[in-house]
Amino acid sequence: MNAMDLLLWSRGPGLGIAIGIFLFGMVLRLFEIYSLGRKRDLAPARTGGEGSGWRTMFTRSVPDRAQFKRSPVVFTTGYIFHIGFFIVLLFLLPHIELIRSISGLSWPALPTPVVDLIAVITLIALIVTLIYRIMDPVRRLLSTFGDYLAWTVTFLPVLTGYMAYHHLLFDYTLMLALHILSVELLLVVFPFTKLTHMVTLFISRWYNGEWFARKGVAS
Amino acid sequence: MRDETLLDTLKRRGISRRGFLKFCATTASMLALPPAMAAEVAAALGKVRRPAVIWLSFQECTGCTESLTRAHSPSIESLIFDAISLDYHHTLQAASGHAAEEAREHSMKQDWGNYLLLVDGSIPLKDDGVYSTIAGISNLQMLKDAAAGAAAIVSVGTCAAYGGLPHANPNPTGAVSVSEIIKDKPIINVPGCPPIPAVLTGVLAHYLTFGAIPDLDDLGRPKAFFGESIHDRCYRRPFYDQGKFAKTFDDEGARNGWCLFELGCKGPTTHNACATTKWNGGTSWPVQSGHGCLGCSEPDFWDGGSFYKALSTPISPVTGAAAAAVAIGAAAGVAIGLANRQTKAAAKAAHQKATIADLEK
Amino acid sequence: MNGLNGIGVKVVHVGGNGNAHAVLREIEARLQLLVEKGEEGSIDLSGLPLMPEDYDLLEETLGEGEVVAEVHSLGPTRIHETGIPGVWWVTHYNSDDEVLAEFIEVAWCPEILLTPEDDVKDGLEALRARLFELNPKSPLGGAPSLDL
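Not measured: the values here are computed from a predicted model. (Residues numbered from 1 in each chain as written. Chains lettered and ligands numbered in written order. Predicted model: local features only at pLDDT ≥ 70, side-chain atom pairs only at ≥ 80, totals over all residues. Heavy atoms only, no water.)

A.B. asks: An account of a nonpolar patch on the surface is needed here, citing residue identities and associated values.
C.D. replies: Residue and element names in this part refer to chain A. Together, M1, W9 and I17 give the surface a local cluster of nonpolar side chains, amounting to about 370 Å² of exposed area. The residue M1 is located in the segment before α1 (3-11) in this model. M1 sits in the exposed class, given a relative accessible area of 76%. (Patch = residues over 30% accessible without salt bridge, like charges linked within 9 Å, V, L, I, M, F, W, Y side chains within 5 Å. Areas by Shrake-Rupley, 256 points an atom, 1.4 Å probe, with all protein chains shown as cover. Salt bridge = Lys/Arg side-chain N within 4 Å of Asp/Glu carboxyl O. Helix = DSSP H or I, 4+ residues; strand = E, 2+ residues; numbered from the N terminus. Buried < 20%, exposed > 50% of the residue type's maximum accessible area, 1.4 Å probe, protein only.)

A.B. asks: If you had to explain the sheet that holds strand β9 (residues 187-190) of chain B to someone new, which residues and values would you point to?
C.D. replies: Residue and element names in this part refer to chain B. Sheet architecture is open: 5 strands sit in the order β2-β1-β3-β7-β9, paired in parallel fashion. Each edge of the open sheet is held by one strand with a lone partner, namely β2 (85-89) and β9. Strand-to-strand twist in this sheet, taken as the mean axis angle between neighbours without regard to direction, amounts to 20 degrees. As paired elements, strand β1 (residues 52-57) and β2 share 4 bridges and run parallel to each other. Residue pairing in the sheet places I54 in a bridge with Y88 of β2. Lying on the sheet, helix α7 (residues 139-148) is in contact with β1, β3 (115-120) and β7 (150-156); it crosses β3 at an angle near 155 degrees. (Pairing = 2+ DSSP bridges. Axes fitted to C-alpha atoms, helices over the stretch in contact; angles between N-to-C directions. Contact = heavy atoms within 4.5 Å.)

A.B. asks: Go over the interface of chain A and chain B with me, naming the residues and quoting the values.
C.D. replies: Reports often express the size of an interface as the amount of accessible area lost when the parts come together. Counting from both sides, the interface comprises 37 residues of chain A and, opposite them, 42 residues of chain B. Note on chain A versus chain B: buried area summed over both sides is about 3,300 Å², and carbon and sulfur give 65% of it. The largest share of the area that chain A buries against chain B comes from M4, R11 and L93 of chain A, three residues that together contribute 18% of it. If you look at where chain A meets chain B, you find 0 salt bridges. The interface formed by chain A and chain B holds 10 residue pairs in polar contact (both at pLDDT 80 or more) in total. (Buried area = accessible area lost by both parts, 1.4 Å probe. Polar contact = N/O pair within 3.5 Å; in protein donor to acceptor, adjacent residues only side chain to side chain.)

In structure tokens, the structure reads:
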């Protein structure tokens, strides 16, 4: 199998399999969570908390000052790599073309050198989070295989994409194939690791927010 | 004549010493060698014997031969073709039928072990190779017989190098490349659909000049011509970096000569010399004329999805797989949800009430 | 090229790609080598993709010099010294006037203009033969050859 075969596989059957597993896993997870249900509320609140639920989904995206002071590194690098990852994912032209070909949606791209710089920053931020996780005794104790796996599958697409663009290590064709395969690995692993937080985080925030707004008991 | 070197050929044709210098400089340029290598070309020219060449055409469209006979620098290339003895090429030779096949057999016998074998077209393997025969001999048999006595083989065009169009899905004739069949001879792949004539003559000139095959990449292509991607040598590359792309073939971007990535250019994954050597005597090349690269010098370029879809997009539609996955996921989710509820209900049912009396026991 | 000239093509140029600057820098480096060490060098212009604008920039920057020469062997080769002495523009054509190869040579004199030593020896013999025909009795004209 040569590099071109690998690229064609990753752009064809590989992508189909990865997207299939991703969607299967995510739908399964969401159904599972939702079907757990909640106990019947025997004391409904006087005021509905839906508005607070929606609001909290966004307000919680801003770090709490006290918490930020306790672990500034985690917060800073965390924000940087999340934002960086999504800028690279959503504003590099080849990625937009991919989204357009699947969904029909498209938007303007950022110049490649800008995305390139952001990719470097993202990589550095990700490396710092890993070092911090390993160096800090508490975090190290709390970390499981799943955490390192989640880190790895997030790191690889950015790294291979950067290497492909700069022609590092391998020829572009092979590196591009590896890049696409690394994204497919991310998709496959996604529903079965903590990476599902991308979706579930908003659900749990809504519940929290809804709970905060409970005042009194309806008569 | 057979023992003549290229230098002898040049002398016999009354080429002056300045002409010889010019020939060497031009050959070095054609071989993509640095100009300082012209002296080495000159030194090598006097050493190598004039090889016999047998050209076999299998499952092909004759486009490779057409391309070669329209090579843009006739005087230099005709010198090269004077320097080889093209003993069999069933499209170009005057002889036909049994006479042609006799010429081939005669040449093979006379130069056994020394001739250069050029092949264009792929070889069908299905049903014992009945899908393509010459003089009643299957392509497979003819290739095996001719390859056995060859010093080296040049696979001309993508069909011979990688299977090309006949090999494309669903490959009804079971077509394969030369390198799939012949394993014990040096093979130089000169892919392209068709290959650039200057690249083919460059490869021949290299063989004639140095008597050895050039440096090859992992797909068997001479590095001098296929070492870099179209994208890296493309004059439109700066637009890719700036994020300026043509969205359609007739928009402002297309008129301004912006990057054709969005229109399906396969330049980033294609290795060929089009961007520097160009076509038709250096007149232009596909990207310069406004069309993206098809990737014709790469294996399986015909099965790489639409020529007009960006390289980063899926080759085959994923919506079917996606819909099926969602449906199965939903079904499995419901099943697991029900199972969970049952577990919960069972736990609830098994729950025993504790009274003060129980605790005081 | 006759056929191509007959086709009406509207050529729209979109500007150079900056490769002319790379070539000019290389010329500068080679010229410095020639000045300091007497080393001659040559640049193959087909090595880098150059747009028509890049050619224009190269030609404008280098300018026209004093020497124009043409060699007729295997088709014409046209040579001119650019406005920068020591930098020569050498273009090899085939007999149909199509460009085979194009070089910038940084040298005291392009090699193809120098008469090859063997040609000079042949020339000496040829001249003596002609002199002999003119005046068979002249001692010099009659000398068969010098051992060179």
